[in-house]
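Results of the structural survey
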Amino acid sequence: MATSEFWQRVSTSVSSPERARGSSGVSSRNARRISKLWMLLDAATVVAAALLATLYELKLSPIAEVRGFWRGTLFHGRSMGILLALLCGFIVSLIVVSKRLHLYSPARLGGYLHEQRLTVQACFAAGLLLTGTLYMVHADDIPRRIVVITWGLVLVSLSIRRLIYRMMLYRRFDRGLGTRNVLIIGTGPEAHALRHHVESIRHLGYRFKGFIDLPGSGSRFTATSSDVVGTLDTLFTQARKQFVDEIFFTAPCERGIVQDVLEKARAGGVDLRVVPDMYDGLAWNSPIEYIGQFPTIPLHCGKVPEMALVLKRTMDIIFSTAVLALCAPLLLAIAVSIKLDSPGPILYSSERIGKKGRVFKCKKFRTMVRDAETKRADIMHMNERDGVLFKISNDPRITRLGRFLRKYSLDELPQFINVLRGDMSVVGPRPPIASEVKEYKLSHLRRLDVTPGITGLWQVQARQDPSFDSYISLDVTYIENWSLWLDMKIILRTIAVVFAGTGA
């Protein structure tokens, strides 16, 4: 089931208004941190290329020339100083030129070919400065072949690295990961052109969620059009329902209206951009950023801890890979035991709702009889949980082996495959099923702002608590106070909970 189709059904049951708190764009502070990381990678690339070029030169040169270079250049004070100064100068010039060409800006704002052209341009500019400096200082004892090989390796390495990063980024976009949901205010020609733009250009990573009708803006569609999802009065209610990351203004309107939307966007953590117009000074001193061919002025960019999220994803990959590798014999033994214990498949796949309403297949070891889903309606009266949760301590559908697997949470080991795929994280709110989300109030959707996890604060703190309010409260508490250190503490407490055998 597609995410958009799912939310068309869910939105009919979600009506209570609340401040929108969707995930947001990169703040200037986080953008600087990411830029510094790319700069460090560029510097490391230059150093590695220089070392490889030097080793290659020493391998090809005659013994006498090798000794002369080794003693005369690497151990001679002046030559060594010049060599290090040239290397540092090349690094600095490459970084400065790359920064001027906006190569450290978010990758989704430009295309791949444009980025490759700028990479070549930056390397040529830095290389010309390097060779010019060599000529000026008369560094005749430094082999020119090392310089040329270093420059060539840097050019190839940077191009390949950025290509691989792009391929990984586009692959995530195709799977619905890392994309940004957008609403467009206005329904005029500019709005429809922008919609076509963001939907047709792959590298932007945008998902169009609908138009917001603005009376008097020269709209083509009426408010009953299927593409128009609301008005300014319901803008942030729709932003909450659709997990919107950015809002675009495409129609000129009064300054007070834009100011009001801007204040609410800041409070809700939603990015706000305008297609350039006067707006009575609201956009003064704001840079123009191109979304494809569309110039936009960002009025607000929210805060997202990009570096911390990268570290979290890295930790997820390392941890899940280690668990699957170390537990491989146990996984095989459980698979064989399930097959011998009862008829049916080894793994059970369930459609779950992930970040921003994305539907994915959650993997678990089968712990119930084969036709368990068809029997659920017959035992609904035995539910021991409040609200939309469903849990029975002595569920008659659970197999004998399944009770043991659930007690020690062994049935959830295959979910580490979901973690490697990026559908889940090690730590986060548990992924709900669609029937649960249909019963959510608007405030409950907050827990779908982040990637779901195998374990979380509720699992280690109130696992046997039947209260749905406690379930939601602990998930929201985790989201509001998230840090890598909190993840580590939850993982350690989860290990203790698993060995204690408190699973139902």
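What comes next is a walk through the structure. Just so it is clear, the model here is predicted, and its values are computed rather than measured. (Residues numbered from 1 in each chain as written. Predicted model: local features only at pLDDT ≥ 70, side-chain atom pairs only at ≥ 80, totals over all residues. Heavy atoms only, no water.)

Turning next to the overall build of the chain. Scanning the chain from N- to C-terminus turns up 17 helices and eleven strands. A burial count over the chain gives 50% of its 504 residues as buried. Intrachain contacts of the chain at a sequence separation of at least 6 include 74% that bridge at least 24 residues. Carbon together with sulfur atoms contributes 61% to the accessible area of the chain, which is approximately 25,500 Å² in total. (Helix = DSSP H or I, 4+ residues; strand = E, 2+ residues; numbered from the N terminus. Buried < 20%, exposed > 50% of the residue type's maximum accessible area, 1.4 Å probe, protein only. Contact = heavy atoms within 4.5 Å. Areas by Shrake-Rupley, 256 points an atom, 1.4 Å probe, with all protein chains shown as cover.)

Take the nonpolar core next. Ranked by internal contacts, the top residues of the largest apolar core, which has 41 residues, are Leu413 and Tyr478. Here the element with the most residues in this core is helix H16 (residues 468-480); it accounts for six residues. Those residues in contact with Leu413 that lie beyond four places of it in its chain are Val323, Leu324, Leu330, Leu331, Ile334 and Phe365. By size, the runner-up hydrophobic cluster in this structure holds 24 residues, among which are Leu86, Ile95, Tyr104 and Ala126. (Core = buried A, V, L, I, M, F, W, Y, C linked by side-chain atoms within 4.5 Å.)

For the structure shown, the criterion picks out 20 salt bridges. Here Arg180 and Asp271 are joined by a salt bridge, their closest N and O atoms 3.1 Å apart. Here the residue Arg180 occupies a position in strand S1 (residues 180-185), and Asp271 occupies one in strand S5 (residues 271-274), the gap between them amounting to 91 residues. Comparing Arg180 with Asp271, the two get one shared label, buried. The closest approach of N and O atoms between Lys356 and Asp245, which form a salt bridge, is 2.7 Å. Of this pair, Lys356 sits in the loop between strand S8 (347-353) and strand S9 (359-365) while Asp245 sits in the loop between helix H8 (235-241) and strand S4 (246-249), and the two are 111 residues apart along the sequence. Residues joined by salt bridges that share partners form a network here, namely Arg175, Arg358, Arg421 and Asp423. (Salt bridge = Lys/Arg side-chain N within 4 Å of Asp/Glu carboxyl O.)

This brings us to a nonpolar patch on the surface. Among the surface-exposed residues, Val156, Ile160, Ile164 and Met168 lie close enough to one another that they form a single nonpolar patch of about 370 Å² accessible area. Within the secondary structure, Ile164 is located in helix H6 (residues 144-174). Taking the relative accessible area as the measure of exposure, Ile164 reaches 45% and is therefore partly exposed. (Patch = residues over 30% accessible without salt bridge, like charges linked within 9 Å, V, L, I, M, F, W, Y side chains within 5 Å.)

If you check helix H11 (residues 328-341), its first and last C-alpha atoms are 20 Å apart, about what 14 residues at 1.5 Å a residue would give, namely 20 Å. Every buried residue belonging to H11 is among Leu331, Ile334, Ala335 and Ile338, and all of these are buried. All buried residues of H11 project into a common sector of 100° when viewed along the axis, lining one side. In H11, the exposed positions angled more than 90 degrees off the buried face are occupied by Pro329, Leu332 and Leu340. Buried residues along H11 sit against helix H10 (306-326), S9 and helix H12 (400-407). (Expected span 1.5 Å × (residues − 1). Arc of directions from axis to C-beta.)

What follows is about the packing of aromatic side chains. For the structure shown, the criterion picks out six aromatic pairs. A ring pair is formed by Phe124 and Trp151, whose centres lie 5.0 Å apart and whose planes are at 65°; its orientation type is edge-to-face. Remark: Trp151 occurs in helix H6 and Phe124 occurs in helix H5 (residues 112-137); sequence separation between them is 27 residues. Residue class for Trp151 comes out partly exposed when judged on its relative accessible area of 22%. A centroid spacing of 5.3 Å and a plane angle of 55° characterise the contact between Phe404 and Tyr408, whose relative ring orientation is tilted. With a relative accessible area of 44%, Phe404 lands in the partly exposed category. Under the relative-accessibility criterion, Tyr408 is labelled partly exposed at 26%. (Phe/Tyr/Trp six-rings, centres within 6.5 Å; stacked < 30°, edge-to-face > 60°.)

Quick look at the pairing of S5 now. Residues Asp271 and Arg273 point to one face of S5 and Leu272 and Val274 to the other, with burial holding for every one of them. In this structure, S4 lies alongside S5, joined through four bridges in parallel fashion. Within S5, the position partnered with Phe249 by the bridge is Val274. Running through helix H9 (residues 255-268), the crossover from S4 to the neighbouring parallel element S5 is right-handed. (Pairing = 2+ DSSP bridges. Right-handed = clockwise from strand over helix to strand, strands pointing away.)

Geometrically, a packed helix pair is captured by the angle between its two axes and the distance between the axes. Two elements in contact, H10 and helix H17 (residues 484-500), have axes whose closest approach is 10 Å; the angle formed by their N-to-C orientations is 25°. With respect to each other, H10 and H17 are oriented roughly parallel. Each of Ala308, Leu311, Lys312, Met315 and Phe319 in H10 lies in contact with H17, whose residues at this interface are Leu484, Asp487, Met488 and Ile491. Its residues placed into classes, the contact of H10 with H17 shows seven nonpolar, no polar and two charged. (Axes fitted to C-alpha atoms, helices over the stretch in contact; angles between N-to-C directions. Parallel < 35°, antiparallel > 145°, perpendicular 65-115°, else oblique. Nonpolar A, V, L, I, M, F, W, Y, C, P; charged D, E, K, R; others polar.)

Quick look at the side chain of Glu246 now. Mapped onto the secondary structure, Glu246 falls in strand S4. You can call Glu246 buried: its relative accessible area is 0%.

All right, on to the pairing of S9 then. Buried residues dominate S9, accounting for five of its seven residues. In this sheet, S9 lies alongside S8 in antiparallel orientation, the contact comprising seven bridges. Bridge assignment links Leu347 to a residue of S9, and that residue is Phe365. Hairpin connection, S8 to S9: the antiparallel pair is bridged by five residues, and Lys356 has positive phi, about 60°.

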